Amino acid sequence: MPLRLPLILVSCFGLFMLLQFFWQATFLDQAYGEVLDWVQIIYLFTLWVGAVHLIKLHLKKSQQKKKEAFYSWVTLAGIFSMLGFGLIGGKEQGSLFSWIFDNVQVPLQATMFSLLAFFVASAAYRGFRARSREALVLLLVAGLVMLGRVPIGNLISEWIPDLANWILNFPSMAARRGILIGIGLGSVATALRIIFGVERTYLGR
Amino acid sequence: MDLSTTVAAILTLFIFSFLYRDNPFYKFAEHLLVGVSVGYFLVISIDNVLIPKLSEPLLKRQDWPVLVPLVAGALILTRLVPGWSNWSQVSLALVIGVGAGVAIPATLQAQILTQMKASMFSLEAPPGSSAALYLFERSVILLGLTSVLAYFFFSKEHKGWLGSYSKLGTYFLMIFFGATFGYTVMSRLSLLIGRVQFLLGDWIGLLN
Amino acid sequence: MGLSALRVDLLLSFNTSRLNVLVALLICAALVFYFIRQGKKRKGLFLRPISGLSAIEEAVGRATEMGRAVLYTTGLGKMERVATLASMNILGNLARKVASYGTPLIIPCYDPVVMAVAQEVVRESFAKEGKPDAYREENIYFVTQSQFGYAAAVDGIMTREKPAANLFLGTFEAESLILAETGNSIGAIQIAGTDSTIQLAFFIVACDYTLIGEELFAASGYLSRDPLVTGSIKAQDWLKVVIVILIVLGVVFSTLNLDFLSELLSVK
Amino acid sequence: MNRQLIYILILAAITVPLFLPLGLKHRVTPEVERFYQTIDVLPAGSIVLVSFDFEASTVAETRPLAYAVLRHLFSNNVSVVSLSTLAEGTGLGYNFLSEITEELGKKYGEDYIFLGFRPQYQATILGLGEGFSKVFPKDYLGNELSSLPLAERVKNYDQINLIISIADGDLPQYWVDYAQTRYKKPVLAAVTAVMATSYYPYLASGQFSGLVGGLKGAAEYEVLLGKPGLGFKGMESQSLGHLMIIILIIIGNLTFLSQKKRI
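Residues numbered from 1 in each chain as written. Chains lettered and ligands numbered in written order. Predicted model: local features only at pLDDT ≥ 70, side-chain atom pairs only at ≥ 80, totals over all residues. Heavy atoms only, no water.

Undergrad: How do you make sense of the interface of chain B and chain A when you look at a structure like this?
TA: A common way to express how large an interface is: the accessible area buried when the components associate. With 103 residues of chain B at the contact, the number on the chain A side is 101 residues. With both chains or domains summed, chain B and chain A bury close to 9,700 Å², and 83% of this area falls on carbon and sulfur atoms. Where chain B meets chain A, there are 3 salt bridges. Salt-bridge contacts for B:Asp47 lead to A:Lys91; the nearest nitrogen and oxygen are separated by 2.4 Å. Across the contact surface, chain B and chain A share 14 residue pairs in polar contact (both at pLDDT 80 or more). (Contact = heavy atoms within 4.5 Å. Buried area = accessible area lost by both parts, 1.4 Å probe. Salt bridge = Lys/Arg side-chain N within 4 Å of Asp/Glu carboxyl O. Polar contact = N/O pair within 3.5 Å; in protein donor to acceptor, adjacent residues only side chain to side chain.)

Undergrad: Which parts of the structure should I look at to understand the nonpolar core?
TA: A general feature of soluble globular proteins is that nonpolar side chains tend to end up buried together. One finds A:Phe128, B:Phe181, D:Ile164 and D:Trp175 to be the most contacted residues of the largest nonpolar core, which totals 329 residues. With 19 residues, the top contributor of residues to this core is helix α6 (residues 160–203) of chain B. Discounting chain neighbours no more than four positions away, the residues touching D:Trp175 are D:Leu49, D:Ser51, D:Asp53, D:Leu83, D:Ile125, D:Leu128, D:Tyr157, D:Ile163, D:Ser165, D:Gln180 and D:Val187. (Core = buried A, V, L, I, M, F, W, Y, C linked by side-chain atoms within 4.5 Å. Buried < 20%, exposed > 50% of the residue type's maximum accessible area, 1.4 Å probe, protein only. Helix = DSSP H or I, 4+ residues; strand = E, 2+ residues; numbered from the N terminus.)

Undergrad: Quick question: what am I supposed to make of the packing of aromatic side chains here?
TA: Remark: the centre distance and the inter-plane angle together describe each pair of aromatic rings, the angle taken between the planes. According to the stated counting rule, one finds 49 aromatic pairs over all chains in the structure shown. Residues A:Trp166 and B:Phe136 carry aromatic rings whose centres are separated by 5.6 Å and whose planes lie at 5° to one another, so their mutual orientation is stacked. Here the residue A:Trp166 occupies a position in helix α7 (residues 159–169), and B:Phe136 occupies one in helix α5 (residues 131–151), the pair thus bridging two chains. Between D:Tyr36 and D:Tyr221 the ring centres are 5.9 Å apart and the planes differ by 65°, which places this aromatic pair in the edge-to-face class. Here D:Tyr36 is found in helix α2 (residues 30–40), whereas its partner D:Tyr221 is found in helix α11 (residues 214–225), with 185 residues between them in sequence. Here D:Tyr36 and D:Tyr221 have matching classes, each one buried. Site record: aromatic cluster; members linked through ring pairs are D:Phe52, D:Phe54, D:Tyr67, D:Tyr94, D:Phe96, D:Phe114 and D:Tyr140. One cation-aromatic arrangement involves A:Lys91 over D:Tyr140; the distance from NZ or CZ to the ring centre is 4.3 Å. A cation over an aromatic ring shows up here: B:Arg138 above the ring of B:Phe121, its NZ or CZ 5.1 Å from the ring centre. (Phe/Tyr/Trp six-rings, centres within 6.5 Å; stacked < 30°, edge-to-face > 60°. Lys NZ or Arg CZ within 6 Å of the ring centre and 35° of its normal.)

Undergrad: Before we go on, may I ask you to explain the interface of chain A and chain D in this structure?
TA: The interface of chain A with chain D comprises 55 residues on the first partner and 59 residues on the second. Sorting the residues of chain A by area buried against chain D places A:Gln40, A:Tyr125 and A:Pro151 first, and these three jointly supply 13% of that buried surface. At the boundary of chain A with chain D, the tally comes to 5 salt bridges. A salt bridge links D:Lys134 to A:Asp37; the nearest nitrogen and oxygen atoms lie 3.6 Å apart. For the interface between chain A and chain D, the tally reads 16 residue pairs in polar contact (both at pLDDT 80 or more). Elements represented by at least two residues in the side of chain A that touches chain D include exactly α1 (4–22), α2 (26–63), α4 (96–126), α5 (133–148), α6 (151–156), α7 and α8 (171–195) of chain A. Classifying every residue of the side of chain A that touches chain D by side-chain character gives 30 nonpolar, 12 polar and 13 charged. (Nonpolar A, V, L, I, M, F, W, Y, C, P; charged D, E, K, R; others polar.)

Undergrad: Honestly, the domain arrangement of chain C in this entry has me stumped. Any pointers?
TA: Residues and elements named next belong to chain C. Taken domain by domain, chain C consists of domain 1 (20–44 + 227–265) and domain 2 (51–223). Using only C-alpha atoms to locate each centre, domain 1 and domain 2 end up separated by 34 Å. Here domain 1 meets domain 2 over a buried area of about 280 Å², counting both sides, of which 60% is carbon and sulfur. Contact with domain 2 buries surface across domain 1, with Val 229, Ile 233 and Lys 240 losing the most and accounting together for 76% of the total. For the pair domain 1 and domain 2, the interface holds 1 salt bridge. If you look at where domain 1 meets domain 2, you find 1 residue pair in polar contact (both at pLDDT 80 or more). Broken down by class, the residue content of the side of domain 1 that touches domain 2 amounts to 2 nonpolar, 2 polar and 1 charged. (Domains from an automatic or database assignment.)

As structure tokens, then:
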């Protein structure tokens, strides 16, 4: 399959969608709406490929004799029970599918990320050092914002929340605006390279 | 203390056991989560996207243009077959091309031009506000914005005036990262507060 | 009005209110492709040395003096992510130093595809240094695809192998805290580089040196001399200069309350 | 101090205040005030697009934010058309909508509809501009859009007065980049605290008409609604938690400095 075909497609569709922003014409709108629909459906297939890869991985691991195999059975059981309950039993409130979502998936996912509070606390003591002037400024601002954003800060003294608010709305906002413009220029440059066929890394060398 | 909250509470404690050390309970809970989330995604994407967008238009209403995305989608599935995967590049090219095409004007307008326009303010204070504070705030914005852009300037050595100006940019960056650090700690603690409120409140019922 | 004469009555109608975006687009495209062509012709354009890279060199030197290993990880990113690609360029350059000094290089991987590419990059670098037999493939291995499982595993490697230098360059999420904290506790020099804003806030205070966002990509362009990367960076530098000049002019005109310049940029 | 001891310290700092609510008062920041006013001025019967752009991992922050925003919209008799651009946000959004509309007695199909999940945010946001029924021929529960009175009143963005993104990631920025640039709709962002600092430039430029950040933002919103809720309850624990982190950083740095002197 010649490399030329994907590159031609990228340029055609990329230019079409780019020019459609500037030239509005009736028949263009129709084609534009269709292309958006196609992209949504094709993208869905890429997500399914990821899911099937995971299923294949755990199927392979479940056959191995090691004690890890048990955990792959757990994953496979999770996948196929959710799939079965969802497609057969429906997903309305009160269905088994929504019960598992509310009482297994959400609590597990929420607890997994709540571990971060513990990791932040232990890193605060063992990891975060004012090893340079810049790091010192970072920690001071962090402390000020943390105090300013909770009621206790207000109790300690009136100006802490005001200063925290001022920092967020002016110096921090200005630095973030600089970063945004930098990232914006970078993504426009990358998108231009992709549309004009100069960038090929996404196709693999 | 009903069945549903007990199941959720036990799984919560399984995950917390990782804090002691990586152990079978944690591995079980984590692998269950991976499995259930993939199963959940497949149901939502089939029931809420595939059926209304593909199978019904094709089977019920025979509207044939839907065949195009279906075939393009099928080409993506060739990634699962070892020898054929470069056929998927045709469909990937379409998604990447369209993504790049719509991103350029949107990024240019919303992330660059509008942000520039918002920085082109007058230094004359609006009536009724203190001129000194207004002028100080405007200069902080201009200094912060331009010094951060100087920091991310790679065509000239950071020496002389450019060196010190980009050093100023470093300190503005530290202020932004400090604020982000503080807010991130706030976020992480809120997640733990939510779980403790669930365990002590909804499960054991200690909190009124 | 001149523009309406241009309009093709048949079908196409140019949306004149978006002329400003078109002009900005043409300027960007002109600069990007001009500098890419310059890059191809003169085999690489001048980019200032990135101080993060000299910090990496120093860290590898220190590991060699102490006769201890260097630990390198590209984080959780898939192979096609820009940050992972940039990290591979830096790894290639680092591997050549490690080959010449003979320092052990350990790379625990989160993604099998990334592992395969890393092995390829390091083997190539060892060959370029004329030391193909010194290349140890068993030091570059797949660990797990679980976020915290990976962090716990890499912690184990750190406490066992006691590397003198830890390099975290690529895509990181919340597990970065565990890695940087353990690295601190074993007294290793730590250098990080990522484009994720949240992890940067933690890396800056937990590591000795941090490459911030665009610096990671500039470092990879500086090392690889790839005309695409260096050309784009030069074009973006010029655009940053144009933007700063326009903003300053805009402020001056607005203060004299002539806001024709800022009107030019408005979204209509 | 080893890791496990620090874990116990932070757990205590968060758990103790849950048992003794100090009833600390909140000051409302201007960005939350502007968010509140943008909704409050909407005439009854106007239509708002609410997008649940988050995963289940941040439910502790997104639930209070979603409850506060939805309560405000429905008590002002504003109609809500909602969707989700992420899989887990779909299920959670559906739960939040059901709970709040049941509490305030709102009718599905007339006062609110839930369209469900669509992947690829560019195709979704731009597709809605071409036509809601093109992107969503059916709603989350499989009803034809033509059978829902509220859906009949909404063809594309022209009938929408306001877009609200409740998110734990970059989606609010994409609603501005893709919906606001083309269709000139005001956008409000209710985000997790992690994302808040990254969005202040969009607030300063007026691209966001308001910004609510994290549990603290939800608590302030509840003060404006005059109805303490989930955000309010967590604030004492949040305060003590922050103090504990600051103390840990200070002690950590003091031991770091004393070691440096000795070497």
